Amino acid sequence: MKKEKWILKVRNQLASLAMECDSAAAIEGAKMTPGEREDLQNKLRDAYRWIDKKLGF
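Structure report, in brief. Computed from a predicted structure; not experimentally measured.

Leaving glycine out, the prevailing phi sign among residues is negative, and the prevailing peptide bond configuration is trans. One non-glycine residue, K31, lies in positive phi territory at about 55°. Residue placement: K31 occurs in the loop between helix 2 (24-29) and helix 3 (34-55).

Shown next, in the form of structure tokens:
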């Protein structure tokens, strides 16, 4: 995988989405349980960590 603007943007969006799981919108609006939020965060983190590994970060 080549380090390009597009893949870095995708990586950063995944990281932002993982952080959004702790927002009021996720907790109160979507009524996500702590377990659901943690599971989703882990999947998103796995994705951006995979990108990091491929890019050599």
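Attention now moves to the nonpolar core. The biggest cluster of nonpolar side chains holds 9 residues, and these are I7, L14, A15, A18, C21, L44, Y48, I51 and L55. Those elements that place two or more of their residues in this core are helix 1 (5-20) and helix 3. Once you skip the residues sitting within four places of it in the chain, L14 turns out to touch L44, A47, Y48 and I51.

This next bit is on the side chain of R37. Its place among the elements puts R37 in helix 3. A distance of 3.2 Å separates a polar side-chain atom of R37 from the backbone oxygen of M32. Among all residues touching R37, those that are not within four sequence positions of it are C21, D22, A26, I27 and M32.

How each quantity is defined
- Residues numbered from 1 in each chain as written.
- Predicted model: local features only at pLDDT ≥ 70, side-chain atom pairs only at ≥ 80, totals over all residues.
- Heavy atoms only, no water.
- Helix = DSSP H or I, 4+ residues; strand = E, 2+ residues; numbered from the N terminus.
- Core = buried A, V, L, I, M, F, W, Y, C linked by side-chain atoms within 4.5 Å.
- Buried < 20%, exposed > 50% of the residue type's maximum accessible area, 1.4 Å probe, protein only.
- Contact = heavy atoms within 4.5 Å.
- Polar contact = N/O pair within 3.5 Å; in protein donor to acceptor, adjacent residues only side chain to side chain.

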